[in-house]
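Residues per chain are reported as follows:
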Amino acid sequence: MSSTNTPPRLESRDTAMSLYHLLDPEVLANPYPLFRRMRSEDPVHWDPFLHAWVVTRYADVLEVLLNFSADRTPNPAQLDEMGLSSLNPIARVMVKQMLFMDAPAHTRLRGLSSKAFTPARVEQLRGHIQDIAKNLLDGLQARSAGNDEDEIDVIAQLAEPLPAIVTAEMLGVPTSDHAQLKQWSADFAEMLGNFQHNPERYPRVIGAVAGMTEYFQDAIRQQREHPREGLIHSLLTAEIDGDRLTEEEVIANCIVTMVGGQETTTNLIGNGLLTLLRNPDEMTRLRNDLSLIPSAVEEMLRYESPSQHTARMCPSDREMGGKRIQKRQAVIAVMAAANRDPERFPDPDRFDITRKDNRHLAFGYAAHFCFGAPLARVEGQVVFEAILCHDHPCAADAGVALEPGLARAESIESESTRGRARRRDISFRGAGKRRSAIRHKICSASRLSVSRARTRRGRRAVSRQIRRKN
Ligand code: HEM
């Protein structure tokens, strides 16, 4: 090959290590080789395609989350200057959300909000979550029993509705609204850290913001007349030294809390179940000792972090990993890479439900540490206990041999920092008595279905599907 055809080394390395590869479904399905390469070859990497630094080592991610600025969303005046005034309705909400603020504004907002979301309230929700999980799992079982091909879509029928219903309970609005809340959250999540420009989607996000604002205005009006336990009422009444939140602040932070708790928890359930299915020995260990569930959920959070990265701005010119980062340059902290850093976690690519000293960064770190982490943990614990304890069919292949699986990625439309959308098909075939074909179609954050064919006709249909996929 002539030298003119060979791209300069730096350029090819930049191309190879860009986070843009996460838009490739194959990479998104298993981003860890990319993260490993970045961590070992260029742990503080300038990504020219994203115009941002990408930080992948545990120690550096910690430093970014601790000391860099979270004030990263353009305000309406800046959008006007950029000729993007149409996005002002979104910006007006985002600048009032705790996720995009630094101290002291963040400290004030977070302080008032935590008054509204106490550990006691989370414990109180545990019972409701158990009921919700049981109802959804019973529904799955009933549906699969009456279905020849016995297909269970774990994401659509469990991992998505559960956080949506819990979110409605947590806010104190009717649970029957959960599908609408889920849809708005999915639309709004487009704006949270998505590094793809999708102008054609902006009207949808603007519509979602208008819908949510109106919805919460109504809810606030109702709650002023008929108070109902939940975050909306607690935020309305939270007070520290006479300071209270304005109605706009209540709405903006109801939105960020609602959005923050959905796709992430869906990913925890979907990826957690997938990881157990891929690690049958760990699944059996867990099934035999349910007291390991809290530790197993922590390991799921580390091993397949539901929220893979977040962004900050550099607060002043400084050096990190031998690189000079300039004030107000964007920095992407990849928690999913930090959580697999061998410098911090021995044998990081091993899924070990009894891992000790598992201080992962899946919920972030420092001032912005996930506001809903106690609730997310309870949701994860309750769901996995319900699945394993009742030997639910969606985890039925603990004793089933996993054939070399087909991990085929389908297209994804976007990638957001708040969750890793991925799609794969993996085929399983049962052994011994349970010689049923089992197909797992996985799209964490979108779809994970398990089909078990009990009848001969059903088995043939599934086998055909698997052959076609192969
Ligand atoms: C497995 C589930 C979850 C994961 C992995 C997760 C992850 C995270 C992460 C990484 C952050 C920090 C982002 C940053 O520093 O830029 C965060 C913040 C936040 N999360 Fe979660 N989250 C989860 C569930 C929830 C739930 C259930 C709620 C709502 C009850 C929630 C509400 C929030 C809020 C409001 C913030 C902003 C906190 C602040 O800025 O002070 N999250 N979450």
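Rules used throughout
Residues numbered from 1 in each chain as written. Predicted model: local features only at pLDDT ≥ 70, side-chain atom pairs only at ≥ 80, totals over all residues. Helix = DSSP H or I, 4+ residues; strand = E, 2+ residues; numbered from the N terminus. Buried ≥ 20, exposed ≤ 12 C-beta atoms within 10 Å, placed from the backbone. Contact = placed C-beta atoms within 7 Å. Near = placed C-beta within 6 Å. Nonpolar A, V, L, I, M, F, W, Y, C, P; charged D, E, K, R; others polar. Expected span 1.5 Å × (residues − 1). Core = buried A, V, L, I, M, F, W, Y, C linked by C-beta atoms within 7 Å. Axes fitted to C-alpha atoms, helices over the stretch in contact; angles between N-to-C directions. Parallel < 35°, antiparallel > 145°, perpendicular 65-115°, else oblique. Left-handed = near helix turned anticlockwise from the far one by under 90°. Pairing = 2+ DSSP bridges. pLDDT = per-residue confidence, 0-100.

**Q** When you look at the overall build of the protein chain in this model, what are you seeing that I'm missing?
**A** On a plain count of helices and strands, the protein chain comes out with 20 helices and 10 strands. Looking at the protein chain as a whole, 44% of its 470 residues qualify as buried. Considering only contacts within the protein chain whose residues lie at least 6 apart along the sequence, 70% involve residues at least 24 apart.

**Q** What is the right way to read unusual backbone geometry from this model?
**A** Residues apart from glycine generally show negative phi values, whereas peptide bonds are mostly found in trans. For the bond from Ala 103 to Pro 104, the omega torsion is 0°, close enough to zero to count as cis. With a phi close to 70°, Ala 366 is a non-glycine residue in the positive phi region. Secondary-structure assignment places Ala 366 in the loop between helix 18 (335-338) and helix 19 (373-389). Given 12 C-beta atoms within a 10 Å radius, Ala 366 is considered exposed.

**Q** Mind showing me how you'd approach the environment of Met 320 here?
**A** Mapped onto the elements of the fold, Met 320 is located in strand 5 (residues 318-320). For Met 320 and Asp 60, which are 260 residues apart along the polypeptide, the C-alpha to C-alpha distance reads 7.6 Å. If sequence neighbours within four positions are ignored, Met 320 has contacts with Val 44, Asp 60, Glu 63 and Ile 325.

**Q** What am I meant to see in the site of the ligand here?
**A** Surveying the vicinity of the ligand reveals 24 residues, the closest of which are Gly 260, Gly 261, Gly 364, Cys 370 and Gly 372. Where the shell around the ligand is concerned, the elements lending two or more residues are helix 14 (247-260), helix 15 (263-278) and helix 19. Looking at side-chain class alone, the shell around the ligand contains 13 nonpolar, 10 polar and one charged residues.

**Q** Honestly, helix 15 in this entry has me stumped. Any pointers?
**A** Helix length check: helix 15 (16 residues) gives 22 Å between terminal C-alpha atoms against 22 Å at 1.5 Å per residue, within 8%. With 14 of 16 residues buried, helix 15 is to be regarded as a mostly interior element.

**Q** Could you clarify how one ought to interpret helix 11 (residues 178-189) in this entry?
**A** Every α-helical turn comprises 3.6 residues, leaving residues that sit three or four positions apart pointing alike. Helix length check: helix 11, at 12 residues, gives a terminal C-alpha distance of 16 Å against a target of 16 Å (1.5 Å per residue), a fit within 8%. Buried within helix 11 we find His 178, Leu 181, Lys 182, Trp 184, Ser 185, Ala 186, Phe 188 and Ala 189. In this structure, the buried side of helix 11 is in contact with helix 10 (161-171), helix 12 (202-225), helix 14 and helix 15.

**Q** Looking at this structure, how should I read the nonpolar core?
**A** As a rule of thumb, nonpolar side chains are buried together in soluble globular proteins. Core analysis: the biggest nonpolar cluster contains 109 residues, and Val 55, Val 61, Cys 254, Ile 255 and Val 334 have the highest contact counts within it. With nine residues, the single largest contributor to this core is helix 19. The residues contacting Val 61, other than those within four sequence positions of it, are Val 55, Ala 333, Val 334, Met 335, Ala 338 and Leu 361.

**Q** Which parts of the structure should I look at to understand the packing of helix 12 against helix 14?
**A** Helix packing for two helices is described by the angle between their axes and how far apart those axes are. Look at helix 12 against helix 14: their axes get within 10 Å of each other, and the N-to-C directions meet at 120°. Overall, the two elements helix 12 and helix 14 adopt an arrangement that is oblique. You can see that helix 12 and helix 14 cross each other, and the crossing is right-handed. On the side of helix 12, the interface is formed by Met 212, Thr 213, Phe 216, Gln 217 and Ile 220, while helix 14 contributes Glu 247, Val 250, Ile 251, Cys 254 and Ile 255. For the contact of helix 12 with helix 14, the class distribution of residues is seven nonpolar, two polar and one charged.

**Q** For this particular structure, what's the right way to read the pairing of strand 7 (residues 330-334)?
**A** Of all five residues making up strand 7, four are buried, and the element is well covered by its neighbours. Strand direction decides the pairing type here: strand 2 (residues 52-55) and strand 7, joined by four bridges, are parallel. What sits directly across from Val 55, in strand 7, is Ala 333.

**Q** Explain the packing of helix 15 against helix 17 (residues 293-303) here, please?
**A** Put simply, helix 15 and helix 17 touch, their axes get as near as 10 Å, and they point 100° apart. Comparing the axis directions of helix 15 and helix 17 gives the class roughly perpendicular. Residues Leu 268, Asn 271, Gly 272 and Thr 275 of helix 15 form the contact with helix 17, whose own contacting residues are Met 300, Leu 301 and Tyr 303. Along the lines of polarity and charge, the residues of the contact of helix 15 with helix 17 split into four nonpolar, three polar and no charged.

**Q** Honestly, the confidence of the model for the protein chain in this entry has me stumped. Any pointers?
**A** Of the residues in the protein chain, 77% reach a pLDDT of 70 or more, and the chain-wide mean stands at 80. A low-confidence stretch, residues 1-10 (pLDDT under 50), is modelled with two contacts involving residues beyond four sequence positions or located in other chains. In this model, residues 398-470 is a region of pLDDT below 50 whose contacts with residues beyond four sequence positions or in other chains number 185 contacts.

**Q** Looking at this structure, I do not really get the environment of Arg 302. What am I missing?
**A** Relative to the elements of secondary structure, Arg 302 occurs in helix 17. On the basis of neighbour counts, which here come to 24 C-beta atoms within 10 Å, the residue Arg 302 falls in the buried class. Between the C-alpha atoms of Arg 302 and Pro 348, which are 46 residues apart in sequence, the distance is 9.1 Å. With residues up to four places along the chain from it excluded, the contact list for Arg 302 reads Asn 339, Asn 358, His 360 and Ala 362.

**Q** What exactly am I supposed to notice about the pairing of strand 1 (residues 44-47) here?
**A** Taken residue by residue, a regular strand's side chains alternate between the two faces of the sheet. One ladder, built from four bridges, connects strand 1 with strand 2; its direction is antiparallel. Directly across from His 45, in strand 2, lies its bridge partner Val 54. A loop of four residues connects strand 1 with strand 2, the two strands running antiparallel in sequence, and His 51 in this loop sits at a positive phi of about 55°.

**Q** Teacher, can you tell me more about the sheet that holds strand 7 here?
**A** Through backbone hydrogen bonds, the strands of a sheet pair up, either in parallel or in antiparallel fashion. With mixed pairing, four strands are arranged side by side in an open sheet as 1-2-7-4. Two strands close off the open sheet at either side, each with one partner strand: strand 1 and strand 4 (309-313). Shown here is a sheet whose adjacent strand axes are inclined to one another by a mean of 30°, direction ignored. Those strands touched by helix 4 (residues 58-67) are strand 1, strand 2, strand 4 and strand 7, and its axis lies near 130° from that of strand 7.

**Q** What's the story with the environment of Trp 46 in this structure? I'm lost.
**A** Looking at where Trp 46 falls in the secondary structure, it is placed in strand 1. Note on Trp 46: 16 C-beta atoms within 10 Å, which makes it partly exposed. Placed 28 residues apart in sequence, Trp 46 and Ser 18 show a C-alpha to C-alpha distance of 8.7 Å.

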